[in-house]
Amino acid sequence: MTLPVNDMLEMVLERDGEGPGITRVFVKLRQELDFIEASASYEETQPLVYVEGAFFATWCALHGLLNPQRYPDSVLAPWRARVATPLQFLHGPCQRIVWSSDITDEANGFWGYYYKGFGAPDEQRWQADIQAVFGSSNHFRDPDEARTPDSWEAFDAIAPTIAMRFAEWRATLAAG
């Protein structure tokens, strides 16, 4: 049996056989996965390389899929008002990384399925949608190629696709 102790620790209780008592107690760090990471040194050589990930993180934040304790309305206010850009969200409140604990339980499955592509058909994965909407990810553009900008116009180009994929994912879960 595993019991959460706090945000960082969990306690594992084990017993040998079918007896009534607990034989071992372990306390361990909870495993976290990073879903989006924005390396500052890589951005120096590849400007805007993480903008598409920032669009996804921002969409999730604006749709209540991030942990409300870490990302309360007061933190999200500049993005709701669109006075700060999606990449500023990834660099600022996210501190360049979005962890699995930053995501609501419901959203964890969606991030794994759609954003990471675990189990999703190739044509329904985040990277396929980036290519369909923007032609290519900034990750794969040559240095002299135009890049997807860190703008609300670019965000608005991909946001309906994210919303559609989220609705499809929810419908799949509901259908069992």
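Here's a quick rundown of the structure. (Residues numbered from 1 in each chain as written. Predicted model: local features only at pLDDT ≥ 70, side-chain atom pairs only at ≥ 80, totals over all residues. Heavy atoms only, no water.)

### Notes on the overall build of the protein chain
- Looking only at helices and strands, one finds seven helices and five strands in the protein chain.
- For the protein chain, the sequential pattern of α-helices and β-strands runs β-β-β-β-α-α-α-α-β-α-α-α.
- Here the contacts in the protein chain between residues at least 6 apart in sequence split such that 60% fall between residues at least 24 apart.
- Accessible surface, the protein chain as shown: approximately 9,900 Å² in total, 55% of it carbon and sulfur. (Helix = DSSP H or I, 4+ residues; strand = E, 2+ residues; numbered from the N terminus. Contact = heavy atoms within 4.5 Å. Areas by Shrake-Rupley, 256 points an atom, 1.4 Å probe, with all protein chains shown as cover.)

### What about unusual backbone geometry?
- Despite not being glycine, Q95 has its phi angle at roughly 55 degrees, a positive value.
- Tracing the backbone shows Q95 in the loop between α4 (86-91) and β5 (97-99).
- At R96, a position not held by glycine, the phi torsion is positive, near 70 degrees.

### Details of the packing of aromatic side chains
- Taken as a whole and assessed by the stated rule, the structure comprises 19 aromatic pairs.
- With a centroid separation of 5.8 Å and an interplanar angle of 80 degrees, the aromatic rings of Y114 and W126 are classed as edge-to-face. Here the residue Y114 occupies a position in helix α5 (residues 105-115), and W126 occupies one in helix α6 (residues 126-134), the gap between them amounting to 12 residues.
- An aromatic cluster is defined as three or more aromatic residues linked by ring pairs; in this entry it consists of F56, W59, F110, W111, Y114, Y115, W126, F166 and W169. (Phe/Tyr/Trp six-rings, centres within 6.5 Å; stacked < 30°, edge-to-face > 60°.)

### Focus on a nonpolar patch on the surface
- Among the surface-exposed residues, I22, V25 and V27 lie close enough to one another that they form a single nonpolar patch of about 280 Å² accessible area.
- Owing to a relative accessible area of 52%, I22 belongs among the exposed residues under this scheme. (Patch = residues over 30% accessible without salt bridge, like charges linked within 9 Å, V, L, I, M, F, W, Y side chains within 5 Å. Salt bridge = Lys/Arg side-chain N within 4 Å of Asp/Glu carboxyl O. Buried < 20%, exposed > 50% of the residue type's maximum accessible area, 1.4 Å probe, protein only.)

### Notes on the nonpolar core
- Membership of the largest hydrophobic core comes to 41 residues, with the highest contact counts inside it found for F56, W59, F89, L90, F110 and W111.
- If you tally residues by element for this core, the top one is helix α2 (residues 51-62), at nine residues.
- Contact partners of F56, with chain neighbours within four places excluded, come to F110, W111, Y114, Y115, W126 and I162. (Core = buried A, V, L, I, M, F, W, Y, C linked by side-chain atoms within 4.5 Å.)

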